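Observations on the model geometry
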Amino acid sequence: MPVILKGVRTSVIVNIGTAAIASTVGAESLGSPVIIGLSGFNTAYVIQSSLLAVVSDRLFERLQR
């Protein structure tokens, strides 16, 4: 079971990162606040969006235990 959760954890984090990349070409996704924050020098948006990846990573880490 822990091996399966490691794969799911990795894919979730990769998908969150890919959403930020997709926003650079105009796609509306989870990464939109990152791009808005970077273009407007608003660090609150960037931190808020980064917390999504960190929190989901920590949740999967706890599930693995």
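Definitions and limits used
Residues numbered from 1 in each chain as written. Predicted model: local features only at pLDDT ≥ 70, side-chain atom pairs only at ≥ 80, totals over all residues. Heavy atoms only, no water. Helix = DSSP H or I, 4+ residues; strand = E, 2+ residues; numbered from the N terminus. Buried < 20%, exposed > 50% of the residue type's maximum accessible area, 1.4 Å probe, protein only. Contact = heavy atoms within 4.5 Å. Areas by Shrake-Rupley, 256 points an atom, 1.4 Å probe, with all protein chains shown as cover.

Check the secondary structure of the protein chain and you find three helices and zero strands. Element order for the protein chain, N to C, with α for helix and β for strand: α-α-α. In terms of overall dimensions, the protein chain has a C-alpha envelope of 40 × 20 × 10 Å along the principal axes. A burial count over the protein chain gives 22% of its 65 residues as buried. Within the protein chain, contacts between residues separated by at least 24 positions form 45% of all contacts whose residues are at least 6 apart in sequence. Taken as a whole, the protein chain presents about 4700 Å² of accessible surface, with 69% of it coming from carbon and sulfur.

Checked against the element boundaries, Val 12 lands in helix H1 (residues 2–23). Accessibility expressed as a relative area gives 23% for Val 12, which makes it partly exposed. As for Val 12 and Phe 60, which are separated by 48 residues in sequence, their C-alpha atoms are 9.4 Å apart.

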